[in-house]
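# Examining the three-dimensional arrangement
What follows is each chain in one-letter form.
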Amino acid sequence: DQQVKQNSPSLSVQEGRISILNCDYTNSMFDYFLWYKKYPAEGPTFLISISSIKDKNEDGRFTVFLNKSAKHLSLHIVPSQPGDSAVYFCAASAKNNNDMRFGAGTRLTVKP
Amino acid sequence: GAGVSQSPRYKVAKRGQDVALRCDPISGHVSLFWYQQALGQGPEFLTYFQNEAQLDKSGLPSDRFFAERPEGSVSTLKIQRTQQEDSAVYLCASTPVRGWIGDTQYFGPGTRLTVL
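Let me begin by describing the structure that accompanies this report. (Residues numbered from 1 in each chain as written. Chains lettered and ligands numbered in written order. Predicted model: local features only at pLDDT ≥ 70, side-chain atom pairs only at ≥ 80, totals over all residues. Heavy atoms only, no water.)

## A few points about the nonpolar core
In this structure, F33, W35, L73, L75 and Y88 of chain A are the most contacted members of the largest nonpolar core, which totals 23 residues. Of all elements in the fold, only β3 (19-25), β4 (32-38), β5 (45-51), β7 (62-67), β8 (72-77), β9 (86-93) and β11 (106-111) of chain A reach the threshold of two or more residues within this core. Ranked by residues supplied to this core, first place goes to β9 of chain A with 4 residues. Ranked by size, the runner-up nonpolar core spans 20 residues in total, among them V4, I79, A88 and L113 of chain B. (Core = buried A, V, L, I, M, F, W, Y, C linked by side-chain atoms within 4.5 Å. Buried < 20%, exposed > 50% of the residue type's maximum accessible area, 1.4 Å probe, protein only. Helix = DSSP H or I, 4+ residues; strand = E, 2+ residues; numbered from the N terminus.)

## Section: the interface of chain A and chain B
Reports of interface size often rely on the accessible area that becomes lost once the parts have come together. With 20 residues of chain A in contact, the opposing surface of chain B contributes 20 residues. With both chains or domains summed, chain A and chain B bury close to 1500 Å², and 59% of this area falls on carbon and sulfur atoms. Considering only the surface of chain A that becomes buried against chain B, P44, N98 and F102 of chain A emerge as the three largest contributors, covering 35% of it. The interface formed by chain A and chain B includes 0 salt bridges. Breaking the side of chain A that touches chain B down by element, the ones donating at least two residues are β4, β5 and β9 of chain A. Take the side of chain A that touches chain B: its biggest share by element is 4 residues, from β4 of chain A. (Contact = heavy atoms within 4.5 Å. Buried area = accessible area lost by both parts, 1.4 Å probe. Salt bridge = Lys/Arg side-chain N within 4 Å of Asp/Glu carboxyl O.)

## Observations concerning the side chain of Q37 of chain B
Mapped onto the secondary structure, Q37 of chain B falls in strand β4 (residues 31-37). Using a relative accessible area of 10% as the deciding quantity, one classes Q37 of chain B as buried. Not counting residues up to four positions away in its chain, the partners in contact with Q37 of chain B are K38 and F89 of chain A together with G42, P43, A88, V89 and L91 of chain B.

Written as structure tokens, this is what we have:
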């Protein structure tokens, strides 16, 4: 039962353009959402998060948008840089719950 | 300072063997988590410790999986009688606070287990 889905296994964009990574969830109890970035042979590293009381959170080149009615969130990277090439995981959790659910990841390739 | 470390980084086991995977969290971190990441999938929660207490083991897939953190620092994930479906990357994460707060969860590089 996949409660967090990333339907695009890969995405390729040109350097300087916008990268948009999408994530859908099914559990309406989720109230905290995160994006992690993972390079090969390394563990995931936290990138940005958003609480369900917000619909947008911005940190430099990274912005996460949350649409609760659609149970959808997205990560925007503007402008994309070759160093952004990595696998991006969407994750979600419910308050007071240790069980964080991850999507399967999207591999982003930013071409110079 | 040092991050979360895991050893070994790679482990090959024959089906039926027992394995032990080690996690050294960041010094002073209260909470420790284990995840299993199958090929092409995201990490899946296995178990959670707060200091030495295992507060949640709901994600352990079978009774062949056992985790401990006897002194509230280093943790070991043990898999008995390994099966091919146990092949995955096992990730450890720690946080400085009780329970998890996602943006302060620090992951180790993982142990890639291959069961032949």
